[in-house]
Every structure is written in structure tokens, then in C-alpha cells.
Amino acid sequence: MSVSDVRMVEDAHLAKFYAKKQLTIVRGKGALVFDAEGKEYVDCMGSYGTCIVGHAHPKVAEAIADQARKLIACHGSTYNDARARFVSKLLTITPRGMNRFFLSNSGAESVECAIKLARKSTGRRKIVAIKGGFHGKTYGALSATWDSKYRKSFEPLVPDFTHIPFNGEELAKDNISQETAAVLVEPIQGEGGVRVATAPWLSLLRDLAQDAGALLVADEIQSGFGRTGRMFACDHYGITPDVLCLGKGIASGLPLAVTVANDEIMGSLAVGEHTSTFGGNPIVCAAAEATIRVLLEEHLVENSAKVGEYFRERLVEMQEQLRIVREVRGMGLMLGVELRFDVHSILQSALQQGVILLDAGRNVVRFLPPLSIQKNHVDLVLSCLRKILAEEELAKLPS
Ligand SMILES: Cc1ncc(COP(=O)(O)O)c(C=O)c1O
């Protein structure tokens, strides 16, 4: 199929729910993707942070192909070896004591399960979420998501959700009470602009939830699996949540999400109260087991910390040199650069020059590259960005 045929078919028949980039990707390798004409791009979008071990990793591809030849479909109501292997692997990296998993297909579903666990296990209804937070677009998850552009056309949403300020201590104290079922927080807000929680605030949420008998739910769908330079962002803070929501990179881009809790909390839902036809599918589980294996064998969490720090330092230098850059934020390979202007045209220029960037709100450029990215590719991204920002600064901020 030619590029124009691909675009014609998608434009004619797919729901127009995505803001499409003028990019048709047909192949990927490591931190690079290629279009149909063979043009190469450094991928700092990583399919929205799902491509953690690099595109088309041979060990993940092999695991998927092997499993596809053996068994593709296997409902959760029967046992399966690929699923059990993945679960055993996941247990080696999840926080101690959090040894029960619900397997689903998307981040939003992982959050839906967390909300149900909170309500059922506490017998309470109120969910405290955070301003600027993003948890998905299904009704429960959307009720926790902050941005009104996602919410306003679909109200009324699920009742009893309130939003408190990110990093705001006073309103946390005022709003977390004996009526709270859960406090739902991203340790680093992704869609909300790559905003990093302060250690005192996250500790306060942990303590307030504990004292009130509420659950602390950490949404690490974007920040988990080494993205921030530790296995989970909570590890930077020394905090263990009661429920952990995982998704995105866990199966290298295949649809898998996991809600993680202890026996008691997970045991609060009865058989049949929460299931999913595709959840824990053998191919997806085989991909996830291979993904965790590669993550550990190739020391990609360490690479995320090391290359992420290099990336961040260079961005800070750029901030010192260019007035257009307002702030550099993030950890590991979850980085954001806040500009003084809308980033849309900057993303387009970068794409033309072979670099795929992501936004996070109107004026933040976000970087979620594969955790295997090396310095040479980061340097390419930086020199492209520096050139574009310098031109933009000249045009928009004349001295
Ligand atoms: C922190 C967070 N939670 C939940 C979601 C929703 O995940 P999904 O799009 O897989 O439903 C996302 C997606 O970007 C996310 O970043």
C-alpha cells in the first residue's frame, strides 16, 4: 500500500478522534522508526511511551511469534502457561506484598479496577484525585481525569470525585477524610505537563490516606517500568502505594495493563464482579514476560537514569541559552520542556527534520523515547531542537 493509499483509507473510514501527524510509520528498530519511503526518524514519542525496550526488539518479537504458533486465545477462566510465566516475572519487580494482579487491556481499565477496589474494600464512595491528573477516558477514569476538554461534553460523570491541587498540602489535609475511599495520584504527571510531585507532598498523601483508612492508588501507567530511571517512580520517594496501576510499556506496545494490590484489597471483589474477555491473553503475556526480561538483562532502567540525566542536563543548558525555554522538568526518560509559546509548530518542524516529539498540553514538549535510546540519538534530537528553538526565538522574541 502506498503512503497516500494508507492515509486515504484511514482518513475515509476511521473515527476522527486523533490529531493525526503527517507520518506513516511502517517499520521500527531500537529508537528509530521508518516511513514507507525509508525516511528515518528518532522516536521520542515511543508510541506514547509504550515502546520501552526499543522497536521490534528481537526477543520480544520471538516470544510473540512462538506463542502465536502455540496458542493465541485463552480466557482468564482457564489456566495458561504463558500467563503464569509473566505473573512470576512481574512478581520479581513489583513492591513486596503487592502480589495480586488483575490483567486488562488498557490504562483506563487498570484505573477502573482500582476505583472499584477502593470503593468495595473500604465501603466508601469518595475518590480524591489531583488537578492536572490524567487517568484515561472511560467513565470512571475520566471522572478522575482533570482536564475539562476531555470531560465537559460527557457530564454527568461518576459522582463523588474531587480534585485537589498538585503539590498542595493544605487542601490535601482538608479533603482526605474518613469518607475517602482512595487518593489517586500520578507521582509524575505525564499528560498534565511532566510535573514532578514533591517528596513531602507525596509522603503527606501516603500518611493522610493511611490515617483515614483510605487507599493510596499510584497511577504509574506512564511513569512505570523504568521510565523515570527507577523501576517505578514511587521508588524515588520511598513510598509504597496500596494499589498500583500499570500499562503502556509493559508488553512493548501490545495491549496489557495491570492493577496491582495485596491479597486483602484484591480479595474484596467477588468472582465475576470484574473481568475482561481479553485480559491476560497469552500472546500479550508472552510479550510482557519478554519485555521485563529484556528490561532487566539489558539494564534499561539504569540506561534510562544515565541517558535521561545526560538528556536533562543538555536541556537545562538550552534553557540557560534560550529565553524561549521556561522550564525543564522530569526524571529519567520522562522529560518535558516548557516553552513560552505553543509547541505545535515546533513539533511539526522537528518531524520534517526526522525527530518525533510529543506535546503535553499547549506549551510543553515531552520526551518519552525507548529506554534503550543512546547518547548519539539524544544528540541528534538536541541539535534539531536547539536549531528550531533558536529560529523560533528569533522570530517570536526579537532582542
Ligand atoms: C498516567 C496515565 N494513566 C492512564 C492513562 C490511560 O491509558 P490508556 O490510554 O491505555 O487507557 C494514561 C495514558 O496516557 C496515562 O498517562
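No experiment lies behind these values; they were computed from the predicted model shown.

Caption draft 1: Representation of the overall build of the chain in the model. For the chain, the helix and strand inventory stands at 15 helices and 17 strands. At 21 Å, the chain has a C-alpha radius of gyration in line with the 21 Å of a compact globule built from 399 residues. In terms of its C-alpha atoms, the chain occupies a principal-axis envelope of roughly 60 × 55 × 40 Å. Looking at the 399 residues of the chain, the share that counts as buried comes to 54%. In the chain, of all internal contacts separated by at least 6 residues, the share reaching a separation of at least 24 is 72%. Element-wise, carbon and sulfur atoms account for 53% of the exposed surface of the chain, whose accessible area totals about 18100 Å². With 46 positive and 46 negative side-chain charges, the chain shows a separation of 1 Å between the mean positions of the two kinds.

Caption draft 2: Region of the structure containing the packing of helix 13 (residues 300-321) against helix 15 (residues 375-396). The contact between helix 13 and helix 15 brings their axes to 11 Å, and the two run at 15 degrees. Classed by the angle they form, the pair helix 13 and helix 15 counts as roughly parallel. For helix 13 against helix 15, the interelement crossing comes out right-handed. Where helix 13 abuts helix 15, its residues Val307, Tyr310, Phe311, Arg314, Leu315, Met318 and Gln321 lie against Lys375, Val378, Asp379, Val381, Leu382, Leu385, Arg386 and Leu389. Class assignment for the residues of the contact of helix 13 with helix 15 results in 10 nonpolar, 1 polar and 4 charged.

Caption draft 3: Looking closely at the side chain of Ser104. For Ser104, the position within the fold is in strand 4 (residues 100-104). Judged by relative accessible area, which is 0%, Ser104 ranks as buried. Apart from residues lying up to four places away in sequence, Ser104 is in contact with Glu109, Ser110, Pro255, Leu256, Ala257 and Gly279.

Caption draft 4: Local environment of the pairing of strand 12 (residues 257-261). For strand 12, a buried count of 5 out of 5 residues is recorded, marking the element as mostly surrounded by other parts of the structure. Side chains of strand 12 alternate between two faces, with Ala257, Thr259 and Ala261 and Val258 and Val260 buried alike. Relative to strand 12, strand 4 is paired through 5 bridges, and the arrangement is antiparallel. The residue of strand 12 that forms the bridge with Arg100 is Ala261. Where strand 11 (residues 243-246) and strand 12 come together, 3 bridges link them in antiparallel fashion. Bridged to Cys245 within strand 12 is Thr259.

Caption draft 5: Fine view of the site of the ligand. Close to the ligand lie Ser106, Gly107, Ala108, Phe134, His135, Gly136, Glu186, Glu191, Asp219, Ile221, Gln222 and Lys248, which account for all nearby residues. In this structure, a nitrogen atom belonging to the ligand sits 3.3 Å away from a main-chain N or O atom of Phe134. The contact in question runs from an oxygen atom of the ligand to an N or O atom on the side chain of Lys248, over 2.9 Å. Protein chains bury 81% of the 390 Å² of accessible surface belonging to the ligand in isolation. For the shell around the ligand, the residue count by class is 3 nonpolar, 5 polar and 4 charged.

Caption draft 6: Region of interest: the layout of surface pockets. Estimated volume of the second largest pocket: approximately 970 Å³. Together, 27 residues line the second largest pocket, and Gly76, Arg100, Phe101, Phe102 and Leu103 are the ones closest to its centre. At the level of secondary structure, the elements contributing two or more residues to the lining of the second largest pocket comprise helix 4 (81-91), strand 4 and helix 5 (107-122).

Caption draft 7: Inspection of the pairing of strand 14 (residues 334-339) at higher detail. Most of strand 14 is tucked away, with 6 of its 6 residues classed as buried. Alternating residues of strand 14 divide into Met334, Gly336 and Glu338 and Leu335, Val337 and Leu339, and every residue in both groups is buried. Bridge analysis of strand 13 (residues 325-331) against strand 14 gives 6 bridges, and the strand direction is antiparallel. When the sheet's bridge partners are listed, Arg329 is paired in strand 14 with Gly336. Counted along the chain from strand 13 to the antiparallel partner strand 14, the turn is 2 residues long, and its residue Gly332 has a positive phi close to 55 degrees. As paired strands, strand 14 and strand 17 (residues 364-367) are joined by 4 bridges and run antiparallel to one another. Across the sheet, the residue bridging to Gly336 is Arg366, located in strand 17.

Caption draft 8: Up close: the packing of helix 3 (residues 58-70) against helix 12 (residues 282-297). Put simply, helix 3 and helix 12 touch, their axes get as near as 8 Å, and they point 155 degrees apart. With respect to their mutual orientation, helix 3 and helix 12 come out roughly antiparallel. Seen along the crossing, helix 3 lies across helix 12 with a hand that is right-handed. Here Lys59, Val60, Ala63, Ile64, Gln67 and Ala68 of helix 3 come into contact with helix 12, specifically with Pro282, Ile283, Ala286, Ala287, Ala290, Thr291, Arg293, Val294 and Glu297. Here the contact of helix 3 with helix 12 is composed, by residue class, of 10 nonpolar, 2 polar and 3 charged.

Caption draft 9: Geometry of the pattern of salt bridges. What the rule picks out here adds up to 20 salt bridges. Salt-bridge contacts for Glu338 lead to Arg326; the nearest nitrogen and oxygen are separated by 3.1 Å. With Glu338 in strand 14 and Arg326 in strand 13, the pair connects residues that are 12 residues apart, well separated along the chain. The exposure class assigned to Arg326 is partly exposed, which follows from its relative accessible area of 39%. Residue Glu338 is classed as buried on the basis of its relative accessible area of 10%. By sharing partners, the salt bridges in this structure join Arg326, Glu327, Arg329 and Glu338 into a single network.

Cut-offs and rules
- Residues numbered from 1 in each chain as written.
- Predicted model: local features only at pLDDT ≥ 70, side-chain atom pairs only at ≥ 80, totals over all residues.
- Heavy atoms only, no water.
- Helix = DSSP H or I, 4+ residues; strand = E, 2+ residues; numbered from the N terminus.
- Rg over C-alpha atoms; globule rule 2.2 N^0.38 Å.
- Buried < 20%, exposed > 50% of the residue type's maximum accessible area, 1.4 Å probe, protein only.
- Contact = heavy atoms within 4.5 Å.
- Areas by Shrake-Rupley, 256 points an atom, 1.4 Å probe, with all protein chains shown as cover.
- Lys, Arg positive; Asp, Glu negative; His and termini not counted.
- Charge placed at Lys NZ, Arg CZ, Asp CG, Glu CD.
- Axes fitted to C-alpha atoms, helices over the stretch in contact; angles between N-to-C directions.
- Parallel < 35°, antiparallel > 145°, perpendicular 65-115°, else oblique.
- Left-handed = near helix turned anticlockwise from the far one by under 90°.
- Nonpolar A, V, L, I, M, F, W, Y, C, P; charged D, E, K, R; others polar.
- Pairing = 2+ DSSP bridges.
- Near = heavy atom within 4 Å.
- Polar contact = N/O pair within 3.5 Å; in protein donor to acceptor, adjacent residues only side chain to side chain.
- 1 Å grid on protein atoms, 1.4 Å probe; cavity = no way out; pocket = protein on both sides within 12 Å on 5 of 7 lines; lining within 4 Å.
- Points joined across faces, edges and corners; volume = space filled by probe spheres on them.
- Salt bridge = Lys/Arg side-chain N within 4 Å of Asp/Glu carboxyl O.

On their own, these measurements won't tell you what the molecule is for.
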